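Inside the fold
Here is how the chains run, residue by residue.
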Amino acid sequence: MKRNKVLVCIQSVLPRGGVREGLFFLSLLLLSCTANSQTNGSDEDTLTVDTPQVHHLSLLFAGDLMQHGPQIKGALQADGTYDYTECFRYMKQEISEADVAIANFETTLAEKPYTGYPTFSAPDAFLRDCQKAGFDIMLTANNHTCDKGKKGIERTIQMMDSLGMPHLGSYVDEAARQEQYPFLLEKNGFRIVLLNYTYGTNGIPVPKPNIVNPIDTTIMRQDIQAAKAMNPDAIIAFMHWGVEYTIRPIASQVTMADWLLQQGVTHIIGGHPHVVEPIELREDDNGEKHVVAYSLGNFVSNQSQEYTYGGMLVKLELEKDTTTRVADCNYSLYFVTRPAMSGHKQHRVYPVSIPDSLITPAEAKLRNTFINSIRPFFETHNKNVREVMTFDISSFIESETND
Ligand SMILES: [Zn+2]
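Keep in mind it's a predicted model, so treat the numbers as computed, not measured. For every chain, the first residue of the written sequence is number 1, and numbering continues from 1 along that sequence. In keeping with the predicted nature of the model, local features appear solely for residues at pLDDT of at least 70, side-chain atom pairs appear and are counted solely at 80 or more, and the whole-chain, interface and lining totals rest on all residues.

What follows covers the overall build of the protein. A tally of regular secondary structure across the protein gives 12 helices and 20 strands. Note that contacts rest on C-beta atoms placed from the backbone: two residues are in contact if these are within 7 Å. Considering only contacts in the protein between residues 6 or more positions apart, those separated by 24 or more positions represent 71%. Numbering of helices and strands runs from the N terminus, with a helix taken as a DSSP run of H or I at least four residues long and a strand as a DSSP run of E at least two residues long.

Our focus in this paragraph is unusual backbone geometry. The step from Lys112 to Pro113 runs through a cis peptide bond, and the omega angle for that step is -5 degrees. Relative to the elements of secondary structure, Pro113 occurs in the loop between strand S5 (100-105) and helix H5 (124-132). For the peptide bond that leads from Lys208 to Pro209, omega is 0 degrees, which places it in the cis range. By the secondary structure assignment, Pro209 is in the loop between strand S10 (190-198) and strand S11 (211-212). The backbone of Asn231 shows a phi angle near 55 degrees, a positive value even though the residue is not glycine. Mapped onto the elements of the fold, Asn231 is located in the loop between helix H8 (217-229) and strand S12 (234-240). With phi around 70 degrees, His274 is a residue other than glycine that occupies positive phi space. The topology assignment puts His274 in the loop between strand S13 (267-271) and strand S14 (276-283).

Let us now look at the pairing of strand S15 (residues 289-296). Here exposure depends only on C-beta density: within 10 Å of a residue's C-beta, 20 or more other C-beta atoms make it buried, 12 or fewer make it exposed, and intermediate numbers make it partly exposed, the C-beta atoms being placed from the backbone. With 6 of 8 residues buried, S15 is to be regarded as a mostly interior element. Where S14 and S15 come together, 7 bridges link them in antiparallel fashion. Its bridge partner being in S15, Val276 is matched across the sheet by Leu296. Following DSSP output, two strands are said to pair if at least two bridges run between them. Hairpin geometry of S14 and S15 is characterised by an intervening segment of 5 residues between the two adjacent antiparallel strands and by a positive phi of about 80 degrees at Gly287.

Here we take up the sheet that holds S14. Read across the open sheet, the 6 strands follow the order S9-S10-S12-S13-S15-S14; overall the sheet is mixed. Edge strands, defined here as strands with exactly one partner in the open sheet, are strand S9 (183-187) and S14. If you compare each strand with its neighbour and ignore which way they point, the axes differ by 15 degrees on average. The axes used here are C-alpha line fits, helices contributing only the stretch in contact, and every angle between their N-to-C directions lies in the interval 0 to 180 degrees.

Two elements in contact, H5 and helix H6 (residues 149-163), have axes whose closest approach is 11 Å; the angle formed by their N-to-C orientations is 40 degrees. Relative to H6, H5 is oriented oblique. In this structure, H5 meets H6 at a crossing whose hand is right-handed. The residues of H6 that touch H5, namely those facing Asp124, Leu127, Arg128 and Gln131, are Met159, Met160 and Leu163. Each residue gets one of three labels, nonpolar for Ala, Val, Leu, Ile, Met, Phe, Trp, Tyr, Cys and Pro, charged for Asp, Glu, Lys and Arg, and polar for the others, Gly among them. A class-by-class count of the residues in the contact of H5 with H6 yields 4 nonpolar, 1 polar and 2 charged. The cut-offs work like this: below 35 degrees is roughly parallel, past 145 is roughly antiparallel, 65 to 115 is roughly perpendicular, and the gaps in between are oblique. The crossing is said to be left-handed when, going from far helix to near helix, the turn is anticlockwise and less than a right angle, and right-handed when the turn is clockwise.

Take a look at the structure:
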């Protein structure tokens, strides 16, 4: 970060001109982080005042990282290992570019036998390759957290710890939760508190003493109080909520979003419906901006129903000097193709801005179906957030040659 220094000349270090100059002098001191005074022999002294440093932080939010049976099969290599490089190849650049990329890990790492729907257990390579694709933090409170019971919960946490993948949402026990939650992200001079909750765990009771953060206003109120006490620049709540395959938020999501903002949460990022729902940037009475994204959709899955094979990445750019504010918020769309329709070995996630020359006609058709239906819907329902086109062919080719 650059430090901008401003030289300010005043008549004397000690104000002699009365109240007005005194106040001016005082405000200079207050503005300055470090002010050095020099005496140069004349009666004119020089103050070096640092203007507040401007910090920037780019956050990227992705939806559900799913692992259905056909995805696991597609990632199986000839030597018996698993590799998802091909799946993330076209998204890696965009994900890695963000200072911090956060996604919902909606499977468990519970060892073999690897299973898809309805109770997920994925190869450890899936997490490793999510990390290689640029994801920095995983959310683990969702309706599939308990799919493989205690072993699934604990081994997923253990694997994330051993790979150095920070995570939040589920805990081995209360002591671990006390120690690690609310989750504090410290990056680029920012302190961001992250929260994560799920509406349920598909009717599977959370095994004791494990904890999967539930959407419960009593618990969340306490957590938000604890979050505020951490003196954060922003509090972001990741909510696993809503109704599957519904592209409009239901009443309880809208009510809960309002409640979270009232409680002091700054931004809300939702998931679970497996389809995208609208995103808005709200401005409160103080002129502060709050992102509410009801559902990001699947990031990767084997689902093929309308809208489930596409989703959005939300990019939030924060800026901080004496205050923290939203500098920009936008989103990009992507789509997922399955081996059965694309002819490729693996599922692939593509930005919608990928040129036709890099995809098959069947893939281009799928993309067009997605964008032609979701864009008019978003135009009507999104508020103050714009879509950006992200794919850059020259840096893609460059990154391919570097790999
Ligand atoms: Zn879910």
